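Architecture at a glance
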Amino acid sequence: MKASELTAGDLMKIAARSGMSLLFLVGAVVFTLLATVVLAITFQDVLLQDAMQEGVDSFYRRDPAASRQLRNLRSEGHDSASVFLAAYEYENARGEKDKLTTAVSLFEEALKQQPGRTSAVVGLVAAKLKLAEAEGLGPLKEAAKEAGSLLEGALNPKSPDVVYLQAAVDILLGNAKEAVEVLDEDPSEAPSSEGQGARWWNLAVAKLLVSEDPLPAAARAYNLRRWPLPTADQRKEDSNAGLSERADPERLLNISYRFALCDPACTPTDAEELEKRVEFGRRILDQRFAGRRDGGRYSPPRTRAAEIYNALGVGLCRVERYQDAAIAFEQAVRGQSKDPLYSMNLGVACTLALPTLSTAPAQQLKNTKDTACRAYENVALTVRNDKKHLSTLKLAVDNLLTIDYANDPGKGLAVLRKYRQVYPSKVDWNRNIGALFDWANKPICIRHYEKALELGHPDAVGIQERLGLWNKGKKK
Amino acid sequence: MKPEGVVFFGILVALFLGLIWWWRAYDLVTFDEKLQFNQPMIEKDGTRFGRRATRRRASDIERYSLVRYKTKRSSVILTGRVMAVEGERISIDGAEVYVDGQKVRDQYRRRTNENEIYPELIVPAGCVFVLTDVRNRKGADRYDSRNLGPVPVEAIMNSFSPKEPRSGKKALR
């Protein structure tokens, strides 16, 4: 009998007689099974390949064809196409009413197809709020009131995305405290990327409203922002445009820096919390990468750098870290703004750091003193011709004297002579210069002391005491 | 047909099916990124076979896998290493990466930044958190989740298992 004439029954009989044939038969069965499995896996993609998945992938990758693909899918009647297309329109709207209106109608369409679909409900509420925001505060409040009932209709009302959106609505309705409680709680399940971004953004805003520390939330919101990092040119554009949406996360972060680090209203205010808060601010601001010139990830734009580093310096002074504060103020001074306030703060921080440097190397002490002197000089030179800032000039000159007085009266005298014409108080000027001559053991100090007394210096007793010493001839 | 012939034919068919499966599951990927942040695992203009990630769920992506992706925040295709998957809490403090509060033994990292700080984040649903291996190089953070945010699984095009020789520990020696 030829092999081709064998029937299955014959094969079984042969297999039963021969061990080798049995092996072949088992092999063939196993092979058939394996081949079926491999075929199923191999062609799973082909069998289940739906254009919908391709459209979704394009949406997430932001391929240029995404919009077209999703439109085609929608016209073919795919259930989810409307939601994705609506999300696409919403994300690309950038405040344009037409696109937002299209997004709203597409979300509504998705809800008609699948009533209560959570993603569609969340999208619809977000798009409606955005649309109302473009129209003004009145319509926004109305939309917020309507949003509550819309969110109740979601299939999964406990989804973190719904909860976070509800909290955002609460903020709009003036219930920031409740919103903070909701948003501060850890979610039971992982929210969507957009949901999580919304959580931190709204938490930062709510905390600002209730005067709590918004910085960690603002930093996270910044990490999860919708837009790519702006380039240097875009940053320039944004600072000129003032209110572009792309710069919003950065603006929130910058406000949070200033509020958390140097505003006394920011709670909690106990020393430990304050220290923690300031250290967090310092670390994220000081983040540097090898070779990078344009600053760290959380660095403020150049136009805002001075005020933010100044805020950091003030925060560090509040926790008595004067040396670190001086570094922060130095960065503020290097910024674009030439506000003498930053130089004054640098000088004060260095002056306050001096007592803490008693055990430091002499060079460090000298450098700190020099920095303080330079800072005060800078202030005095900047405001010397500005009559509105006479008190600032006086403060700078007086502080400069307190540093130089003990070391080198000659320098102090030079300073006082330099600013004689603009120094706002003749009484203090005479007293100060008298004290410097006194320290230098020059009898001319008597004349200045007497002049100060004549003009009515408040420390008359102290001046009299010094004059008494000179008159007794104890001091020559 | 002789029984031996059936087996031979079967092997041929199996090889053919295997080839089709491999062809459908893998892509030949050329790493043409201008900036290389995953050396020595990936060299400039180097080529490797990467598993096609279409239709794969978040749970299929292993930690330490290298992935090629393109998100809405990046205009180009990028490569990064998965450090945390959906639902895990990731934070970076100095040179260390923490996942769910535990320090990650990150054997692939090259250069790190002591000043680095990334506040704790729950990796969102359907996403993974990727980092480059050379993390302290200028601009490296602009090309991973630190700046681009968590990467949606749908945005991943190819993945390279950490068990593959050039992704594994052996390649580092």
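Scoring rules and cut-offs
- Residues numbered from 1 in each chain as written.
- Chains lettered and ligands numbered in written order.
- Predicted model: local features only at pLDDT ≥ 70, side-chain atom pairs only at ≥ 80, totals over all residues.
- Heavy atoms only, no water.
- Helix = DSSP H or I, 4+ residues; strand = E, 2+ residues; numbered from the N terminus.
- Areas by Shrake-Rupley, 256 points an atom, 1.4 Å probe, with all protein chains shown as cover.
- pLDDT = per-residue confidence, 0-100.
- Contact = heavy atoms within 4.5 Å.
- Expected span 1.5 Å × (residues − 1).
- Buried < 20%, exposed > 50% of the residue type's maximum accessible area, 1.4 Å probe, protein only.
- Pairing = 2+ DSSP bridges.
- Axes fitted to C-alpha atoms, helices over the stretch in contact; angles between N-to-C directions.
- Parallel < 35°, antiparallel > 145°, perpendicular 65-115°, else oblique.
- Left-handed = near helix turned anticlockwise from the far one by under 90°.
- Disulfide = S-S within 2.5 Å.

**Re the overall build of chain A**
- Looking only at helices and strands, chain A has 25 helices and 0 strands in total.
- Carbon and sulfur atoms make up 55% of the accessible area of chain A, which amounts to about 24300 Å² in all.

**Quick look at the confidence of the model for chain B**
Residue and element names in this part refer to chain B.
- On average, chain B scores 80 in pLDDT, and the residues at 70 or more come to 86%.
- Confidence, read as mean pLDDT per element, is least for strand 2 (residues 47-52) in chain B (80) and greatest for strand 5 (residues 89-93) (93).
- The model gives residues 168-173 a pLDDT under 50, and that stretch makes 12 contacts with residues more than four places away or in other chains.
- The complex model carries a pTM of 0.83, and its ipTM stands at 0.85.

**Concerning the side chain of Asn399 of chain A**
- Note that Asn399 of chain A resides in helix 21 (residues 390-404).
- Ignoring sequence-local partners within four residues, the contact set of Asn399 of chain A consists of Met344, Val348 and Tyr376 of chain A.

**Quick notes on helix 6 (residues 81-93) of chain A**
All names here are of chain A.
- With 13 residues, helix 6 should cover 18 Å at 1.5 Å per step; its first-to-last C-alpha distance of 18 Å lies within 8% of that length.
- Among all positions in helix 6, only Ala81, Ser82, Val83, Phe84, Leu85, Ala86, Tyr88, Glu89, Tyr90, Glu91 and Ala93 are buried.
- Buried-residue contacts for helix 6 involve helix 4 (51-61), helix 5 (66-76), helix 7 (97-113), helix 8 (118-135) and helix 12 (193-209).
- A positive backbone phi angle near 45° is found at Arg94, which sits one or two residues after helix 6.

**Details of the sheet that holds strand 1 (residues 26-30) of chain B**
Residue and element names in this part refer to chain B.
- Ordered by their spatial adjacency, 7 strands build an open sheet running 1-2-11-3-4-9-10, and the pairing between neighbours is antiparallel. Two strands lie at the open edges of the sheet, namely strand 1 and strand 10 (151-152), each paired on one side alone.
- For strand 1 and strand 2, the ladder comprises 5 bridges, and the chain directions are antiparallel. Within the sheet, the bridge partner assigned to Val29 lies in strand 2 and is Arg48.

**Points about the sheet that holds strand 6 (residues 96-99) of chain B**
All names here are of chain B.
- A sheet is described by the order of its strands in space; here 4 strands give the open sequence 7-6-5-8, paired in antiparallel fashion. Strands at the two margins of the open sheet, each flanked by one partner only, are strand 7 (102-103) and strand 8 (117-122).
- Where strand 5 meets strand 8, 4 bridges bridge the pair, whose relative direction is antiparallel. Opposite Ile90, over in strand 8, you have Leu121 as the bridge partner.

**Observations concerning unusual backbone geometry**
- For the peptide bond that leads from Thr267 of chain A to Pro268 of chain A, omega is -5°, which places it in the cis range.
- Position of Pro268 of chain A among the secondary structure elements: in the loop between helix 15 (248-262) and helix 16 (271-285).
- Unusually for a residue other than glycine, Asp100 of chain B sits at a positive phi of about 50°.
- In this structure, Asp100 of chain B sits in the loop between strand 6 and strand 7.

**Some words on helix 23 (residues 426-439) of chain A**
Residues and elements named next belong to chain A.
- In this model, helix 23 (14 residues) spans 20 Å end to end at C-alpha, consistent with the 20 Å of a helix rising 1.5 Å per residue.
- Taken together, the buried positions of helix 23 are occupied by Val427, Asp428, Trp429, Asn430, Asn432, Ile433, Gly434, Ala435, Leu436, Phe437 and Asp438.
- Asn441 occupies a position one or two residues after helix 23 and carries a positive phi of about 65°.

**Remarks on the pairing of strand 6 of chain B**
All names here are of chain B.
- Burial along strand 6 is one-sided: the residues Val97 and Val99 are buried and none of Glu96 and Tyr98 is.
- As judged from the 4 bridges shared by strand 5 and strand 6, these two strands associate in the antiparallel manner. The partner of Asp93 across the bridge, within strand 6, is Glu96.
- Between strand 5 and strand 6, which follow one another and run antiparallel, lie 2 residues, and Gly94 among them has a positive phi close to 65°.
- Looking at chain direction, strand 6 and strand 7 are connected through 2 bridges and run antiparallel. Paired with Val99 across the two strands is Gln102, which belongs to strand 7.
- In textbook terms, the turn of a hairpin is the stretch between consecutive antiparallel strands, and for strand 6 and strand 7 this stretch comprises 2 residues, one of which, Asp100, has a positive phi near 50°.

**A few points about the packing of helix 17 (residues 302-318) of chain A against helix 19 (residues 340-353) of chain A**
All names here are of chain A.
- Packing of helix 17 against helix 19 leaves a shortest axis separation of 11 Å and a crossing angle of 25°. As summarised for this structure, helix 17 and helix 19 are arranged roughly parallel, according to the angle between their axes. Crossing of helix 17 against helix 19: the hand is left-handed. Residues Ala306, Glu307, Asn310, Val314 and Cys317 of helix 17 form the contact with helix 19, whose own contacting residues are Leu341, Tyr342, Asn345 and Ala349.

**Here's the deal with the pairing of strand 9 (residues 127-131) of chain B**
Residue and element names in this part refer to chain B.
- With 5 of 5 residues buried, strand 9 lies mostly within the body of the structure.
- Alignment of strand 4 (residues 78-85) against strand 9, held across 4 bridges, turns out to be antiparallel. Its bridge partner being in strand 9, Arg81 is matched across the sheet by Leu131.
- Bridging between strand 9 and strand 10 involves 2 bridges; their strand directions are antiparallel. Within the sheet, the bridge partner assigned to Cys127 lies in strand 10 and is Pro152.

**A word on the state of the cysteines**
Residues and elements named next belong to chain A.
- Counted under the stated rule, the structure contains 0 disulfides over all chains.
- Sulfur of Cys266: no disulfide; nearest cysteine sulfur belongs to Cys262 and is 9.7 Å away.
- Residue Cys350 stays outside any disulfide, its sulfur separated by 9.4 Å from that of Cys373, the closest cysteine.
- Given the relative accessible area of 3%, Cys350 is considered buried.

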